[in-house]
Amino acid sequence: MTNNKYWIDNFPYKEPRAQQEKTINYVLEEFQRGKKYAIIECGTGVGKSAIGYTLAKTLKSNATEKTSGAYFLTTQKILQEQYYKDFKDKGLKSLSSSSNYNCEKSNDSCKEILTQIRAGSDNKKYESCNYSCKYKKAKQEFIDSEEGITNFSYFLTEKNYSKKLPDKSILIIDEAHNLENELTRFIEISVSEYFSNKILKLDFDGQKEKLNTQLRAFNFIKTVYSKKLINKIDHIENTISRLGSNFNLDKFKQLSKQIDMLKSHHKKILHFIDIYDKENWVFDVLEENKYKKLVFKPIDISAYSKQYILNYADCIIFMSASIVSHEGFMTTIGLEKEKTVSIKEKSPFPAKNRPVIYSPAGSMSAKNIDRTLPVMTKMVKHILNNHKNEKGIIHTHNTKIALHLKNNIKSKRIIVAYGAKREEMLNKHLNSKSNTVLISPSMSEGVDLKGNLSTFQIICKVPFPYLGDKVTRKKMNKWKWWYNTETVRTIIQSLGRSIRCESDVAITYILDGDWNRIKTNCKSYFPEGFFDNYHEY
């Protein structure tokens, strides 16, 4: 039986809460029995980052196959910054991609300078920069430290393409509910007709066969497109080598960026060719600004998870507030059940602080949305009037609803946040002294509206995955539970934006009539205590 004497010195705070102690003890006991993976689902307020940190510090001393130490991964910049703030005094190092560091000897980013050095620049200032590079220094500190945190996309790129990060014994994956999507985005490829025509001088329409089937598109990428990429890379490298310092600096920078992009793209294409299996990939031809785009996306990433992530550590901890289905997570990520332990802990925040009210305006499905929107708009106006002295957020989950509310409510309180101005509008809300209300289709995650930043929130539409997406339909057919699991997960994440600590109070309004179907069919998917302060009107 494990007790906290075994790990208490590794706990980062004065003393653990009961839920933290229970979780740490249970996971350590199971790892002592030979488990390799742990799924930890903790509601907001349990303190999962401290759990992950303690497990990393304790387990690394038992691991033997990899370098001692731990990597922490997250998808959100805000969470990476929070980890660093919380644990930097304990030795945690944080690392981002080279584009996030500026060179001390020029106005360029470290990414631009390093790209130019790799391309063969003989500018002496770049040579000196190479040996005192801020990014390289941060990267070495990250590698040398016992614990380091970075983001998913950077880690996947470094481990699978650059291959300059050593394996470490422990991997802590926070926001693990996003892992399937992160791996999918990393593995999927797109080949643009515009890029092919303008950069590679390769015409889609000039091929012997139309690129309108999966087989034809794959053969084109493998036998024609990839070779053209190599030829283009060789041509630019030869040009740079031949002209050397005679280059105009701006032209040199332009070519350096281009060759860096081409090499990254080529690596991704080669990976795709290597792992492609026609039964596990969806092919689509999209059109953007009159140019075609060939898109390949994997359906079941469990076939690739060992290669891309699971083989990089002896022990892996998956943490989230919204795993929802632990068995489903094991299936989609490819975890062996006999090697996996899982545990759930509900949020300790009192139910009285987070009432949920269901008051349907009508169905917001595609065939009913236009009929329901006017009724919903009136209800939203009424809610805003009831909370006229408070800040809040309205989750629309699509742009059509967001713009309809903006155009029909016409209130100075409203700030619509999406697309390129999403962060700018979010900051406007955070910094405004007025009782502003965010309207957004894309703020179910990565937004911290603690305290008075949001004391009410509205769910306008149940966030079902888009049925027009081929991958969504394939996954629905493969796993009957997948569609509802994704929907419930997004709802849980959305509601979590306004309840960030024990003292936060926020009321949630659900206005989509299709909620009733989710509540009826998927009630067991929701966290324990979700319905303790639930009401219907």
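Note: the structure precedes this text.
Residues numbered from 1 in each chain as written. Predicted model: local features only at pLDDT ≥ 70, side-chain atom pairs only at ≥ 80, totals over all residues. Heavy atoms only, no water.

**Some points on the overall build of the chain**
Line of reasoning, step 1. Assigned secondary structure in the chain consists of 19 helices and 17 strands.
Line of reasoning, step 2. The globule rule puts the C-alpha radius of gyration for 537 residues at 24 Å, and the 25 Å found for the chain is close to it.
Line of reasoning, step 3. Taken along its principal axes, the extent of the C-alpha atoms in the chain is 75 × 60 × 50 Å.
Line of reasoning, step 4. Looking at the chain residue by residue over its 537 residues, the buried ones come to 53%.
Line of reasoning, step 5. For the chain, long-range pairs separated by at least 24 residues make up 75% of all intrachain contacts whose partners lie at least 6 apart in sequence.
Line of reasoning, step 6. As displayed, the chain offers around 25,800 Å² of accessible surface, 47% of which is attributable to carbon and sulfur atoms.
Line of reasoning, step 7. Here the chain holds 87 positive side-chain charges and 61 negative ones, and the gap between their average locations is 5 Å. (Helix = DSSP H or I, 4+ residues; strand = E, 2+ residues; numbered from the N terminus. Rg over C-alpha atoms; globule rule 2.2 N^0.38 Å. Buried < 20%, exposed > 50% of the residue type's maximum accessible area, 1.4 Å probe, protein only. Contact = heavy atoms within 4.5 Å. Areas by Shrake-Rupley, 256 points an atom, 1.4 Å probe, with all protein chains shown as cover. Lys, Arg positive; Asp, Glu negative; His and termini not counted. Charge placed at Lys NZ, Arg CZ, Asp CG, Glu CD.)

**Observations concerning the side chain of T340**
Line of reasoning, step 1. Among the structural elements, T340 can be located in strand β10 (residues 340–345).
Line of reasoning, step 2. According to the relative accessible area criterion, T340 is buried, its value standing at 8%.
Line of reasoning, step 3. From its side chain, T340 meets the backbone oxygen of E336 in a polar contact 2.8 Å long.
Line of reasoning, step 4. Not counting chain neighbours up to four residues away, the residues in contact with T340 comprise K35, Y37, I39, M330 and L335. (Polar contact = N/O pair within 3.5 Å; in protein donor to acceptor, adjacent residues only side chain to side chain.)

**A few points about the packing of aromatic side chains**
Line of reasoning, step 1. The full count for this structure, using the stated rule, is 37 aromatic pairs.
Line of reasoning, step 2. Measuring from ring centre to ring centre gives 6.3 Å for Y37 and F318, while their planes differ by 50°; the resulting arrangement is tilted. With a gap of 281 residues between them, Y37 in strand β1 (residues 37–42) and F318 in strand β9 (residues 315–320) connect regions that are remote in the sequence. Each member of the pair, Y37 as well as F318, carries the same accessibility label: buried.
Line of reasoning, step 3. Centroid distance F464 to Y483: 5.8 Å. Interplanar angle 5°. Geometry classified as stacked. Here F464 is found in the loop between β15 (456–459) and α17 (470–478), whereas its partner Y483 is found in helix α18 (residues 482–495), with 19 residues between them in sequence. Each member of the pair, F464 together with Y483, is buried. (Phe/Tyr/Trp six-rings, centres within 6.5 Å; stacked < 30°, edge-to-face > 60°.)

**A closer look at unusual backbone geometry**
Line of reasoning, step 1. The phi torsion at E175 lies on the positive side, around 55°, for a residue other than glycine.
Line of reasoning, step 2. Mapped onto the secondary structure, E175 falls in the loop between β5 (168–173) and α8 (179–187).
Line of reasoning, step 3. With a phi angle near 75°, V324 is a residue other than glycine that sits in the positive phi range.
Line of reasoning, step 4. Given a relative accessible area of 5%, V324 falls into the buried group.

**Structural notes on helix α7 (residues 152–162)**
Line of reasoning, step 1. Burial runs high along α7: 8 of the 11 residues are buried.
Line of reasoning, step 2. Among the residues of α7, those classed as buried are F152, Y154, F155, L156, E158, K159, N160 and Y161.

**Focus: the pairing of strand β16 (residues 507–512)**
The two faces of a sheet get side chains in turn, since along a regular strand they alternate between them.
Line of reasoning, step 1. Burial within β16 is extensive, with 6 of its 6 residues counted as buried.
Line of reasoning, step 2. Both faces of β16 are covered, namely the face carrying I507, Y509 and L511 and the face carrying T508, I510 and D512.
Line of reasoning, step 3. Relative to β16, strand β11 (residues 356–362) runs parallel, the two being bridged by 4 bridges. Pairing of V356 across the sheet is with T508, part of β16. (Pairing = 2+ DSSP bridges.)

**Let's talk about the environment of I459**
Line of reasoning, step 1. Mapped onto the elements of the fold, I459 is located in strand β15.
Line of reasoning, step 2. Taking C-alpha positions, I459 is 7.5 Å from T508, a pair spaced 49 residues apart along the chain.
Line of reasoning, step 3. Residues within four places of I459 in sequence aside, it is in contact with H395, S494, L495, T508, Y509, I510, L511 and D512.

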